[in-house]
Amino acid sequence: MNQTIHFKPSKISLLVADVDGTLVNREKILTNRTYTAVQKLKEAGIIFTITSGRPPLGMKMIVDALNLTAPIAGFNGAVFFNSDLSIIDQNVLTQAIAKQVIEIITAHGLDVWVYGGKDWFIPERHGSHVDREERTVKFSPTVVSNFDGLLNNVAKIVGVSDDLEAIARCEVDVQREFSGQVCCQAGASSGDGEQVSAARSQPYYLDVTHPRANKGAVVQRLGELLAILAQEIATIGDMPNDVPMFEQSGLSIAMGNANVQVQHRAQYVTTSDEEEGFANAVERFILGNNGSKSVLDGNSRQSAARG
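Residues numbered from 1 in each chain as written. Predicted model: local features only at pLDDT ≥ 70, side-chain atom pairs only at ≥ 80, totals over all residues. Heavy atoms only, no water.

Draft legend 1. Quick peek at the sheet that holds strand β6 (residues 87-90). Reading across from one edge, β4-β5-β6 is the order of the three strands in this open sheet, with antiparallel pairing throughout. In this open sheet, the two edge strands, each paired with only one partner strand, are β4 (72-74) and β6. In this sheet, adjacent strand axes meet at a mean angle of 25° when their direction is disregarded. In terms of strand pairing, strand β5 (residues 79-81) meets β6 through three bridges, oriented antiparallel. Paired with V79 across the strands is Q90, a residue of β6. (Pairing = 2+ DSSP bridges. Helix = DSSP H or I, 4+ residues; strand = E, 2+ residues; numbered from the N terminus. Axes fitted to C-alpha atoms, helices over the stretch in contact; angles between N-to-C directions.)

Draft legend 2. Summary view of the pairing of strand β13 (residues 205-209). Summarising burial for β13: five of the five residues are buried, a large majority. Of the two faces of β13, the one lined by Y205, D207 and T209 and the one lined by L206 and V208 are each fully buried. Relative to β13, strand β12 (residues 196-202) runs antiparallel, the two sharing five bridges. The residue of β13 that forms the bridge with S197 is T209. (Buried < 20%, exposed > 50% of the residue type's maximum accessible area, 1.4 Å probe, protein only.)

Draft legend 3. A look at the packing of helix α1 (residues 32-43) against helix α9 (residues 277-286). Where α1 contacts α9, the axes come no closer than 8 Å and their chain directions differ by 30°. Between α1 and α9, the crossing angle belongs to the class labelled roughly parallel. The interaxial crossing formed by α1 with α9 has left-handed handedness. Each of R33, T34, A37, V38, K40 and L41 in α1 lies in contact with α9, whose residues at this interface are F278, A279, N280, V282, E283 and I286. Split by residue class, the contact of α1 with α9 holds seven nonpolar, two polar and three charged. (Parallel < 35°, antiparallel > 145°, perpendicular 65-115°, else oblique. Left-handed = near helix turned anticlockwise from the far one by under 90°. Contact = heavy atoms within 4.5 Å. Nonpolar A, V, L, I, M, F, W, Y, C, P; charged D, E, K, R; others polar.)

Draft legend 4. Highlighting the sheet that holds strand β2 (residues 14-17). Across the sheet, five strands lie side by side as β3-β2-β14-β15-β16; this open sheet has parallel pairing. At either end of the open sheet lies a strand with only one pairing partner, and these are β3 (47-50) and β16 (268-269). Strand direction decides the pairing type here: β2 and β3, joined by four bridges, are parallel. Note that in β3 the partner of V16 across the bridge is T49.

Written out as structure tokens, the structure is:
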């Protein structure tokens, strides 16, 4: 059940947005209203930046188009970089962990993609989702017969399949294998004992990264870099791997295209990525141009938290 309450925004100094399914629409396009919304944020003195499972090169066109100047987080936080792609921080997997993760993903019959630096390694040139991903990130992968000698600077490993049940089983097995040492989709933390972060960035992608490479840690690090308190940070996203950043920010917004579980973990819900959800969220929830907003009632939120 939804209810409408009067909305008066508290001070927001930074908005952190997911990219796919949030900032861009399903055709991976920045709409005119999105451009306008980002400009209005700048005029209001609110810093805007993005975080994504994409590699830095795959985010460059958005960074340039929106003239972003704050630090940006690629690979879900495995790499923090400036607008010129110079590196601020990196969190990479060890070779031993990378090898073990690849073995688990392969055992589930998923394709394996390995990202490191500016490289994207794949086993099959036109495998599942490769062509679409190439159009999205605007650079080509390198086809390899195996990953030997390529695991010394791994930012992200992705399990890929259209068998969504296999993706879900693999996620569980990765988490089980590193039980007690896994930072996963909700309740994410970043303790020194963890070895991996494992969460689906899309229903058909399982992202495995360094434990500090999760969106909750992204929000924490951006707060440090920009000297902004958590309560002055707003976040917006659509997938389970966005939930950790909801938990680390003062204001959280789920997209209308997010599943119900993700929506229940955010404070507010906007329209979908096909209905100008990002622009509507900025106008109504961040800038407060609308006198009211729709929110999940307290009972629904508590139930989702328990689930």
